[in-house]
Amino acid sequence: MAITKTPLYGLPGDRYVVQTSATATPDNAVAGGAGVLLQVDIDNTANTDAVYVKLWNHAGPTVGTTAPEWVFKCPASVRRIFSCTPGSNFATNLSLACVTTGGTGGTTSPTNAVTVRLLLDV
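Residues numbered from 1 in each chain as written. Predicted model: local features only at pLDDT ≥ 70, side-chain atom pairs only at ≥ 80, totals over all residues. Heavy atoms only, no water.

Caption draft 1: Looking closely at the environment of F72. For F72, the location among the structural elements is in strand β5 (residues 70-74). We classify F72 as buried; its relative accessible area is 11%. With 20 residues separating them in the primary sequence, F72 and Y52 have C-alpha atoms 5.5 Å apart. Contact partners of F72, with chain neighbours within four places excluded, come to L37, V40, I42, V51, Y52, V53, L55, F82 and C84. (Helix = DSSP H or I, 4+ residues; strand = E, 2+ residues; numbered from the N terminus. Buried < 20%, exposed > 50% of the residue type's maximum accessible area, 1.4 Å probe, protein only. Contact = heavy atoms within 4.5 Å.)

Here you go:
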């Protein structure tokens, strides 16, 4: 997995998180603290099955056990961008994972790479 966190200046949101290979293994505490989720961008063009990006208001969730606060479905072979206007607050931190089944119980990683981009205000 490759994840980057880039500070942004002078734009709505001040942190851009990019995970170029999101899987069922969670990327924990990507926000660095409390903040606001502004946008979720999922690139699932490399897969023939839908994926579900799960986000937790939690610094270290257990995928398949800890119920996610947000679940974003992205159909097969497409890129989808979800805007959260005026934003969705998270009080603890933000963790993410990408699986092939929605809900709490999904724990299977996608077959091919899925890129997830988050625009945050932290």
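Caption draft 2: Representation of the sheet that holds β5. With respect to topology, three strands assemble into an open sheet ordered β5-β4-β7, the strand pairing being antiparallel. Edge positions in the sheet fall to β5 and β7 (95-99), since each has one partner strand and no second. Between one strand axis and the next, the sheet turns through 20° on average, direction left out of account. With five bridges joining them, strand β4 (residues 51-56) and β7 adopt antiparallel strand pairing. Across the sheet, K54 pairs through a bridge with A97, a residue of β7. (Pairing = 2+ DSSP bridges. Axes fitted to C-alpha atoms, helices over the stretch in contact; angles between N-to-C directions.)

Caption draft 3: Seen up close, the pattern of salt bridges. Scanning all chains against the criterion turns up two salt bridges. Its salt-bridge partner being R79, residue D41 comes within 2.4 Å of it at the nearest N-O pair. You can see D41 sitting in strand β3 (residues 35-43) and its partner R79 sitting in strand β6 (residues 79-90), a full 38 residues away along the chain. Of the residues examined, D41 reaches a relative accessible area of 4% and is grouped as buried. Exposure remark for R79: the relative accessible area of 45% places this residue in the partly exposed category. (Salt bridge = Lys/Arg side-chain N within 4 Å of Asp/Glu carboxyl O.)

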